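The chain contents come next:
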Amino acid sequence: MTVDTQQQGDERVHWLPMVAAISSISVVGIAIGLGMPLLSVILETRGHSASMIGLNTAVAGLASIAGAPLATPLAMRFGVAWTMIAMIAAGALAFVGFHFAPDFWMWFPLRIVLHIALTVLFILSEFWISTSAPPHRRGLVLGIYATVLSLGFAAGPWLFAHLGSSGFRPFGVIIALVTLAAIPVLAARNESPSIVADGETSNFLRYIWLVPSATAAVLVFGAVETGGFALFPVYGNRIGYSEADAALLLTMIGLGNVLLQIPIGMISDRVSDRRYLLLACATVGLVGTVFMPFFAQNWHLMASLLFVWGGVVAAMYTIGLAHLGSQLSGHELASANAAFVLCYGVGMVLGPQAIGIGMDAFGPSGFGWSLGLFFGAYIALVCFRLIRKILL
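Residues numbered from 1 in each chain as written. Predicted model: local features only at pLDDT ≥ 70, side-chain atom pairs only at ≥ 80, totals over all residues. Heavy atoms only, no water.

- Under an unreviewed UniProt entry, the name given to the protein chain is MFS transporter, and the source organism is Mesorhizobium opportunistum.
- Taken verbatim from the UniProt record of the protein chain, the Subcellular location (unreviewed entry) comment is "Cell membrane". (UniProt positions renumbered as here; feature names shortened; annotations may be inferred.)

## Some details on the nonpolar core
Then, in step 1: Counting 120 residues, the largest nonpolar core has Trp309, Phe367, Phe375 and Tyr378 as the members making the most contacts within it.
Then, in step 2: A per-element tally of this core places helix α2 (residues 15–45) first, with 17 residues.
Then, in step 3: Among all residues touching Phe375, those that are not within four sequence positions of it are Val220, Val224, Ala282, Gly285, Leu286, Thr289, Trp309, Val313 and Met316. (Core = buried A, V, L, I, M, F, W, Y, C linked by side-chain atoms within 4.5 Å. Buried < 20%, exposed > 50% of the residue type's maximum accessible area, 1.4 Å probe, protein only. Helix = DSSP H or I, 4+ residues; strand = E, 2+ residues; numbered from the N terminus. Contact = heavy atoms within 4.5 Å.)

## Regarding the layout of surface pockets
Then, in step 1: The space that makes up the second largest pocket amounts to roughly 230 Å³.
Then, in step 2: Looking at the second largest pocket, it is lined by 13 residues, and the ones nearest its centre are Thr215, Ala216, Leu219, Val220 and Leu381.
Then, in step 3: Residue assignment for the lining of the second largest pocket shows that the elements contributing at least two residues are α9 (206–210), α10 (212–238), α14 (330–362) and α15 (365–391).
Then, in step 4: Here the lining of the second largest pocket gets five residues from one element, more than from any other, and that element is α10.
Then, in step 5: Per-class residue counts for the lining of the second largest pocket are twelve nonpolar, one polar and no charged. (1 Å grid on protein atoms, 1.4 Å probe; cavity = no way out; pocket = protein on both sides within 12 Å on 5 of 7 lines; lining within 4 Å. Points joined across faces, edges and corners; volume = space filled by probe spheres on them. Nonpolar A, V, L, I, M, F, W, Y, C, P; charged D, E, K, R; others polar.)

## Looking at the packing of aromatic side chains
Then, in step 1: Summed over the entire model, instances satisfying the criterion amount to 14 aromatic pairs.
Then, in step 2: Taken together, a centroid distance of 5.5 Å and an interplanar angle of 65° make the contact between Phe362 and Trp369 edge-to-face.
Then, in step 3: The exposure class of Phe362 is exposed, given its relative accessible area of 54%.
Then, in step 4: Put simply, the rings of Phe95, Phe98 and Trp107 pair up and form one aromatic cluster. (Phe/Tyr/Trp six-rings, centres within 6.5 Å; stacked < 30°, edge-to-face > 60°.)

In structure tokens form, the structure reads like this:
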């Protein structure tokens, strides 16, 4: 696909659609940050095991993989803005369904609908934001987007700590937030970008292996983010934290993402090979998981650790995307972005399952060990790639 040539040549910042896309997806981020721990706690209180909770959460990854190829055809047929509005409506209906679904099996199709909608929504939002900013400001705009979205994710667990998991109230708040997200999209619908087919196709799967340091980074991030966020309330409960205290620790992870994303992004612009910075982020991730059990008895120490850990680990997504962009361009970059989304979805599948099985097999310590496995494997991959570059 290509962006309309008129949009490509325009150097102006299109503030209305950019603000609309950023505010819309950020409100959705609040709903996700509230919804993910909410659903896990509800399943926990119903007596489901951590591995079953992880299995249900992992379906989100499969839905993300299935939803990624749908974004462009839907936007070409119905327009970016109207497709986003349809996905917002589908996500809202799925959230309502969780409250009224009495049987565990019903949560699987609801997860599929929800995360297909979210995947399409995120892809089109990021596309809209990119086309609304001229190339020389795109990095700044995407940095603002990542920070505002992180604020949304951080606000979600904070809301959960105050709303709790009982009754319809938390679901009602989610529905209200998701409905609000449609308002800015409707306001800027006439300025949504056009997507036109250019007749070229490529096998995007080959880009997984062409730039493995980037695609593996987003796989690890997808696994850690999805599995960690979904099962951290369960982990917190099993090591003695109250539901509210565990939710506030999730907020600290989100705040670290908010405050550290732009500084780390600025550092990445000054590093000649971003793989070294990706290696550093993964190392911090591994060290953080090792120290979690030692800090768990002191809430303030744990909060400080998770603040730094969350911000540095989240940077693997943005730095990985930047590394991808530094290696490829044009249609190759578009195909590589599709592979990037696919790897994120694979991480969403693997993470919750690995962490859930780890906790069932080894108790609460299995949470950190499972996370450490992902970071360790990534460190080995990047070290191999860097050594290979030196030797060749």
